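What the coordinates show
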Amino acid sequence: MEYRRTLSQEAAAAKAGFSLSTGQRFEKDPRLPSQKKTERRRGRSKPDPLAGVWETDVLPLLGTCSGIRPITVLEELGRRYPDEDWERRRRTLERRIETWKALHGPDQEVMFRQEHPPGQQALSDFTDVAELAVTIAGQPLDHRLYHFTLAFSGWEHAEVVLGGESFVALTHGLQNALWALGGVPAEHRTDSLSAAFRNLDAEARKDLTERYEALCAHYRMTPTRNNRGVAHENGSIESRHGHLKSRLDQALTLRGSRDFATLDDYRRFVAEVVGRHNARQRKMFDLERPALKDLPARRTTDFEEATAYVTSSGGFTLRKVFYTVPSRLIGHRLKVHIHDDRLDCLLGGTLVLTLPRGRAPQRGKGKRGHVIDYRHVIHSLRCKPQALLNLVYRDDLFPRAAYRRAWEALSAKLDPRLACRIMVGLLWLAHERACEADLAAALDTVLDAGQLPDLAALQRRFAATAADAPALTVTLPTAAAYDALLPTAGAAQ
């Protein structure tokens, strides 16, 4: 007001740091805000868009239908009053319902944040990573990740799981994580093993529970589980699923390709990404490491056992999947160790071969999967090439896409008997000359040119040559040369 005595209203407001409108308001009423009487808030300037339905329609729905959503209420109002434009009132309805729930709604669940002492708790779970769109040699990889983490330090372990969320995958992943960690926490928490229990009867569930408790007892860990369907009780790992997948997605983007030559290459990639994260958690892990218990002297079983009889078909069936084996095993019973990604087949106590694990098709009753190695049966198929025509697992017999293309071209243009003989001859050539990849490349070249494979020409191309066997020269010493090895007469005396 001092400036106003000598300056204009605009200049005085500018000097005082006010806007002109504020200066005008102060000049009209110089009282401080605290000296002014509290005025009643002015009423609504526009008509209430929910007048006529809030009391009669909306409130009864909110009172009787617990958890009803605003969009459901809006749709119900549209059904009751079809002539009204309710979409324009959606935001008003949502804000009004939100305010009503805050004042009159039911109590909500409260989350209690927990402290995690070092070495106390580890958590593990499976997470689907289909959004990463990873491919192996151009083929989509249907998989998920087993994810293990320490609640205190955030140290993590992740590995690729090809099958479902099975107990075998949990056992294998958990033990790998503990041995990579180099210690054992006091408690291990899971999500009730609901996936592992799926489709099991009561006796099988009891057996699985006992096996899981035995696993934890071997490592001196206390097994705990969150309540079924309550994911936030496993929140220390649920939130980290998203971070892990984000890191993998970013690493794949930087890599420039989501395709890997082999599954092992992808597994190494996942391990490298997780390893870089653990390096950043090093300080926290150094605080937690002394609180971990020592590992036991050895691992425990991380597979399931089954017995399989090798039939005259040259293989055995296990869990709706047919596997071929070397024909010399026909008539024998094999002890099979079932892992997540492979089968270890033992004859007595001797490991005779390892097979990739197959899965039965999900759709169609009675359908069976096939894991076929053409090298197991090609010697018999060469004697009976016509068996190829209607072979049950014919489509799974071909080791590469080029061989399947060759069969399709041959069967479409030649007599079936001739097509079978040529195709079996190609498979025998690939096996006999150990040229499966090179022969596949040659077949692709021929087929791309619109021609049919010429078996005789390919046999000449991949035939063994004399140069394959190196020439060796053996020089024999003379008999007199051995005299130097004999003791002298004087030395003998």
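Calculation criteria
- Residues numbered from 1 in each chain as written.
- Predicted model: local features only at pLDDT ≥ 70, side-chain atom pairs only at ≥ 80, totals over all residues.
- Heavy atoms only, no water.
- Pairing = 2+ DSSP bridges.
- Helix = DSSP H or I, 4+ residues; strand = E, 2+ residues; numbered from the N terminus.
- Expected span 1.5 Å × (residues − 1).
- Buried < 20%, exposed > 50% of the residue type's maximum accessible area, 1.4 Å probe, protein only.
- Contact = heavy atoms within 4.5 Å.
- Polar contact = N/O pair within 3.5 Å; in protein donor to acceptor, adjacent residues only side chain to side chain.
- Phe/Tyr/Trp six-rings, centres within 6.5 Å; stacked < 30°, edge-to-face > 60°.
- Lys NZ or Arg CZ within 6 Å of the ring centre and 35° of its normal.
- pLDDT = per-residue confidence, 0-100.
- Axes fitted to C-alpha atoms, helices over the stretch in contact; angles between N-to-C directions.
- Parallel < 35°, antiparallel > 145°, perpendicular 65-115°, else oblique.
- Left-handed = near helix turned anticlockwise from the far one by under 90°.
- Nonpolar A, V, L, I, M, F, W, Y, C, P; charged D, E, K, R; others polar.

1. Comments concerning the sheet that holds strand β3 (residues 139-140)
Taking strand neighbours across the sheet as the criterion, the three strands line up as β3-β2-β8 in an open arrangement whose pairing is mixed. On the outer flanks of this sheet lie β3 and β8 (259-260), each paired with one strand and no other. Alignment of strand β2 (residues 135-136) against β3, held across two bridges, turns out to be antiparallel. The residue bridging I136 from the neighbouring strand is Q139, located in β3.

2. Side note on helix α15 (residues 416-432)
Its 17 residues place the ends of α15 24 Å apart at the C-alpha level, agreeing with the 24 Å of an ideal helix rising 1.5 Å per residue. Where α15 is concerned, the buried positions are A419, C420, I422, M423, V424, G425, L426, L427, L429 and A430. Buried-residue contacts for α15 involve α12 (374-383), α13 (394-397), α14 (401-413), α16 (436-448) and α17 (455-461). Of the residues flanking the start of α15, the one acting as N-cap is D415, its side-chain oxygen 3.1 Å from the backbone nitrogen of R417.

3. Quick word on the packing of aromatic side chains
Each pair of aromatic rings is reported with the distance of its centres and the angle of its planes. For the structure shown, the criterion picks out eight aromatic pairs. A centroid spacing of 5.6 Å and a plane angle of 65° characterise the contact between F126 and Y146, whose relative ring orientation is edge-to-face. With F126 in strand β1 (residues 121-128) and Y146 in strand β4 (residues 144-150), this pair connects stretches of sequence that are 20 residues apart. Across this residue pair, the class does not change: F126 and Y146 are buried. Taken together, F148, W155 and F285 form an aromatic cluster joined through their ring pairs. For the cation-ring pair, R96 lies above W54, with the distance from its terminal atom to the ring centre recorded as 5.3 Å.

4. Some words on the confidence of the model for the protein
Taken residue by residue, the protein gives an average pLDDT of 86. The fraction at 70 or more is 89%. Mean pLDDT in the protein bottoms out at helix α7 (residues 194-197), which sits at 50, and peaks at β8, which reaches 95.

5. What to know about the pairing of strand β9 (residues 304-309)
Along β9, the buried face is formed by E304, A306 and A308; none of E305, T307 and Y309, which line the opposite face, is buried. In this structure, β9 lies alongside strand β12 (residues 333-338), joined through six bridges in antiparallel fashion. Paired with E305 across the strands is H337, a residue of β12.

6. Examining the side chain of N278
Mapped onto the elements of the fold, N278 is located in helix α10 (residues 263-280). The exposure class of N278 is buried, given its relative accessible area of 12%. In this structure N278 touches G154, W155 and E156, once residues within four positions along its chain are discounted.

7. So, the sheet that holds strand β10 (residues 315-318)
Paired through backbone hydrogen bonds, the strands of a sheet run either parallel or antiparallel to each other. The three strands are arranged β10-β11-β15 in an open sheet whose pairing can be described as mixed. Strands at the two margins of the open sheet, each flanked by one partner only, are β10 and β15 (369-371). Averaged over neighbouring strand pairs, the angle between their axes works out to 20° when direction is ignored. Direction of pairing for β10 relative to strand β11 (residues 321-324): antiparallel, over a ladder of four bridges. By the bridge assignment for β11, T317 is matched with F322.

8. Remarks on unusual backbone geometry
At A133, a residue that is not glycine, the phi angle is positive and equals roughly 55°. Overall, the relative accessible area of 48% leaves A133 in the partly exposed class. Here R220, not a glycine, exhibits a phi torsion of approximately 55°, which is positive. Its location among the elements puts R220 in the loop between α8 (202-218) and β7 (222-225).

9. Focus on the side chain of S124
Structurally, the position occupied by S124 is in strand β1. Here the side chain of S124 touches Y146 through a polar contact of 3.3 Å, side chain to side chain. At 2.6 Å, the side chain of S124 forms a polar contact with the side chain of H188.

10. Some thoughts on the environment of L381
Mapped onto the secondary structure, L381 falls in helix α12. In this structure L381 comes out as buried when scored by relative accessible area, which is 8%. Sequence-wise, L381 and R421 are 40 residues apart; in three dimensions their C-alpha atoms are separated by 9.8 Å. When neighbours within four sequence positions are excluded, L381 is seen to be in contact with A387, L388, L397 and V424.

11. What about the packing of helix α3 (residues 54-64) against helix α4 (residues 70-80)?
With their axes 11 Å apart at the nearest point, α3 and α4 run at an angle of 140° to one another. It follows that α3 is oblique to α4 by the angle criterion. Along this stretch, α3 crosses α4, giving a crossing that reads as right-handed. For the pair formed by α3 and α4, the contact residues are D57, V58 and L61 on the first element and V73, E76, L77 and R80 on the second. Tallied by class, residues from the contact of α3 with α4 come to four nonpolar, no polar and three charged.

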